[in-house]
Amino acid sequence: MNILYTDFFCNCWGHKRLNKEFIKYLSTFACVDILTQKNWYKELPSGVYNIEMKKEYYQTGRFLSRINSLKMMLKARQLDKKKHYDYIFTSSYDTVAFGLGRLFFQNPERFFIMHHNNLDGIQRKSVDLIFRSYANKVNHLVLEKFIGKYLMEYYDIRAEQINYLPHPMNKNSDCNLIKDFDAVGISNSNDEEIVSKIISYEKETTILKRKRKKVLLRSQKIEFDDGYLKVIKGYLEDNTYNEYINRAKSILVLFPLSFRNRVSGTIIDALSNHIKICGTEIPIVKEFEKKYPCICKSFSTINELIDFISNDVDDYEEQFAEFEKEHTDDTIITILKEIFR
């Protein structure tokens, strides 16, 4: 079986580890070629053929990224003419550019497109119409089942064209680090209004300082530090990000309610390392709250969030084990073999 693993959009640092995991899994039972940016991946599994394109093809910007997306799809078409791939695994794509670029290929049913923020990004009727033009002609990969349900209900996509693929775990815990933060929320997707409300609440009440609860948040605009609530801004290197995660007793998911039909790597990072989470009432948090109610909570007010941070929770290893069982390497490989058979 021959599979082409592609990224038809600007390679995203946040998806780099995810893509490497899926490439590794696919290579256990198929011949895998990957089409990617030059020098993007290192230490790929043996037997994986890496076709690299110029870095310029992965520039951002609405117009330029779409032009380059079409260039990448043309390159993929050239490869497909030579090798006649059984499947084309598209790890990311531009919703508009894909509508045109898919016409370069024969047998579009070979395409499996993975959804990240694409569905949340369909805000104009024209983009919606473009997506609908190919929605029932390709296969869909979703990282949670509620996203597949949305595709069926809103876009009338047939159930057999939708495939659930669990997000791989990201175990990076360092047992030598002290859990000196009661809560950490350092995702780049944090809602700035929520961060501001937490700062204002702490200024007015000093509740975290009085309860000696240390909280670290990340903002794109604000910096703050009263000794207990600390808000930082700017880019975080992977090792710094992982260190903060490992120093946390709990992880805060302060995402806007517009974060709907996608999965958060922050949640996966937390649960993979046996750290409980508390987040806004977005679908992924509500879904995980149903599955793992002892280790995942949602909040609607700042008071509820503070209560979560303030209350120590017993060890719920059983629910962490349930999460791990659904997201193990063997489980995901089994699912992939069933999808690409």
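Above: the structure in question.
Now for a look at the structure at hand. Keep in mind that what you see is a predicted model, and the values were worked out from it rather than measured.

## Quick notes on helix α5 (residues 145-155)
Alright, step 1. Within the span of α5, buried status applies to Phe146, Ile147, Gly148, Leu151 and Tyr155.
Alright, step 2. Elements in contact with the buried residues of α5: α4 (125-135), β6 (139-142), β7 (162-164) and α10 (283-291).
Alright, step 3. One or two steps after α5, the chain reaches Asp156, where phi turns positive at roughly 55°.

## Structural notes on the packing of aromatic side chains
Geometrically, a pair of aromatic rings is defined through the distance of the ring centres and the angle of the planes.
Alright, step 1. A complete count under the given rule lists 21 aromatic pairs for this structure.
Alright, step 2. Here the aromatic rings of Tyr87 and Phe112 are separated by 5.7 Å at their centres, their planes lie at 75°, and the arrangement is edge-to-face. Here Tyr87 is found in strand β4 (residues 87-90), whereas its partner Phe112 is found in strand β5 (residues 111-114), with 25 residues between them in sequence.
Alright, step 3. Look at Phe105 and Phe111: their rings are 4.9 Å apart centre to centre, the planes differ by 90°, and that puts the pair in the edge-to-face class. The same class applies to Phe105 as to Phe111, namely buried.
Alright, step 4. Taken together through their ring pairs, the aromatic side chains of Tyr93, Phe98, Phe105, Phe111, Phe131, Tyr134, Tyr150, Tyr154 and Tyr155 make up a single cluster.
Alright, step 5. We note Lys16 situated over the ring of Trp40; from NZ or CZ to the ring centre the distance is 4.3 Å.

## Concerning the sheet that holds strand β1 (residues 2-6)
Remark on secondary structure: sheet strands pair via backbone hydrogen bonds, oriented parallel or antiparallel.
Alright, step 1. The parallel open sheet is built from seven strands, whose spatial order is β3-β2-β1-β4-β5-β6-β7. Two strands close off the open sheet at either side, each with one partner strand: β3 (49-53) and β7. When the angles between neighbouring strand axes are averaged without regard to direction, this sheet yields 20°.
Alright, step 2. Pairing of strand β2 (residues 31-37) with β3 involves five bridges; the strand directions are parallel. Within the sheet, the bridge partner assigned to Gln37 lies in β3 and is Met53.

## Observations regarding the pairing of strand β12 (residues 250-253)
Alright, step 1. Where burial is concerned, the two faces of β12 agree: the one with Ser250 and Leu252 and the one with Ile251 and Val253 are both buried.
Alright, step 2. In terms of strand pairing, β12 meets strand β13 (residues 276-279) through four bridges, oriented parallel. Its bridge partner lying in β13, Ser250 is registered against Lys276.
Alright, step 3. Handedness of the β12-helix α9 (residues 265-272)-β13 crossover: right-handed.

## Points about the packing of α9 against helix α12 (residues 317-326)
Alright, step 1. The N-to-C vectors of α9 and α12 enclose an angle of 120°; their axes lie 10 Å apart at closest approach. It follows that α9 is oblique to α12 by the angle criterion. Within the contact between the two elements, α9 uses Ile268, Leu271 and Ser272 and α12 uses Phe320, Phe323 and Glu324.
Alright, step 2. When its residues are assigned to classes, the contact of α9 with α12 shows four nonpolar, one polar and one charged.

## Quick word on the state of the cysteines
Alright, step 1. Evaluation of the coordinates by the stated rule reveals zero disulfides.
Alright, step 2. Looking at the unpaired Cys294, the closest cysteine sulfur is the one in Cys296, lying at 11 Å.
Alright, step 3. Its relative accessible area of 28% is what places Cys294 among the partly exposed residues.
Alright, step 4. Summary of cysteine pairing: Cys296 is not part of a disulfide, and the nearest cysteine sulfur, belonging to Cys278, is at 8.0 Å.

## Quick notes on the pattern of salt bridges
Alright, step 1. With the rule as written, the count across this model stands at 20 salt bridges.
Alright, step 2. Notably, a salt bridge pairs Lys24 with Asp329, separated by 3.9 Å at the nearest N-O pair. Residue Lys24 is located in helix α1 (residues 13-26), and its partner Asp329 is located in helix α13 (residues 329-339); the two are separated by 305 residues in the primary sequence.
Alright, step 3. Note on Asp329: relative accessible area 36%, which makes it partly exposed.
Alright, step 4. Between Lys291 and Glu326 there is a salt bridge whose closest N-O contact spans 3.4 Å. Separated by 35 residues along the polypeptide, Lys291 in helix α10 and Glu326 in helix α12 bring together distant segments of the chain.
Alright, step 5. According to the relative accessible area criterion, Lys291 is partly exposed, its value standing at 26%.
Alright, step 6. Beyond isolated ion pairs, a larger network of salt bridges with shared partners links Glu21, Lys24 and Asp329.

## Concerning the packing of helix α6 (residues 192-205) against helix α11 (residues 302-310)
Alright, step 1. It is at 11 Å that the axes of α6 and α11 come closest, and there the two elements cross at 75°. Between α6 and α11, the interaxial angle falls into the category roughly perpendicular. Across from Lys197, Ile198 and Tyr201 in α6, the residues of α11 making contact are Ile302, Asn303, Leu305 and Ile306.

## Observations regarding the nonpolar core
Alright, step 1. In terms of nonpolar packing, the biggest core is built from 87 residues, with Phe22 and Phe89 touching the most fellow members.
Alright, step 2. Among the elements that take part in this core, α1 stands out by supplying five residues, more than any other.
Alright, step 3. Ranked by size, the runner-up nonpolar core spans 22 residues in total, among them Ile199, Ile207, Tyr228 and Val231.

Each value, and the rule that gives it
Sequence order as written defines residue numbering, which begins from 1 separately in each chain. Note on the predicted model: pLDDT of at least 70 is required for a residue's local features to be given, and 80 or more for side-chain atom pairs to be given and counted; whole-chain, interface and lining totals, by contrast, use all residues. Derived side-chain values reflect all non-hydrogen atoms in the structure, with water molecules and hydrogen atoms excluded from consideration. Each residue is placed in one exposure class: buried if its accessible area under a 1.4 Å probe, protein chains only, is under 20% of its type's maximum, exposed if it is over 50%, and partly exposed if it falls in between. Secondary structure elements follow DSSP: runs of H or I no shorter than four residues count as helices, runs of E no shorter than two count as strands, and numbering proceeds from the N terminus. When checking whether two residues touch, look at their non-hydrogen atoms; a contact exists if any pair is within 4.5 Å. Each Phe, Tyr or Trp ring, with Trp reduced to its six-membered ring, pairs with another whose centre is within 6.5 Å; inter-plane angles below 30 degrees give stacked pairs, above 60 give edge-to-face pairs, and intermediate values give tilted ones. Whether a charge sits over a ring depends on NZ of Lys or CZ of Arg being within 6 Å of the ring centre and within 35 degrees of the ring normal. Here, strands pair whenever DSSP counts at least two bridges between them. In this analysis an axis means a line fitted to C-alpha atoms, helices contributing only their contacting stretch, and an angle means the value between N-to-C directions, from 0 to 180 degrees. Seen with the strands pointing away from the viewer, any crossover whose path from the first strand over the helix to the second strand runs clockwise is right-handed. To sort the angles, those under 35 degrees are grouped as roughly parallel, those over 145 as roughly antiparallel, those from 65 to 115 as roughly perpendicular, and the leftovers as oblique. All residues other than Ala, Val, Leu, Ile, Met, Phe, Trp, Tyr, Cys, Pro, Asp, Glu, Lys and Arg, Gly among them, are scored as polar; the first ten of these are nonpolar and the last four charged. Pairs of cysteine sulfur atoms within 2.5 Å are what we label disulfides. Salt bridges are defined as contacts in which a side-chain nitrogen from Lys or Arg sits within 4 Å of a carboxyl oxygen from Asp or Glu. We define a nonpolar core as any set of buried Ala, Val, Leu, Ile, Met, Phe, Trp, Tyr and Cys residues linked to one another through side-chain atoms lying within 4.5 Å.

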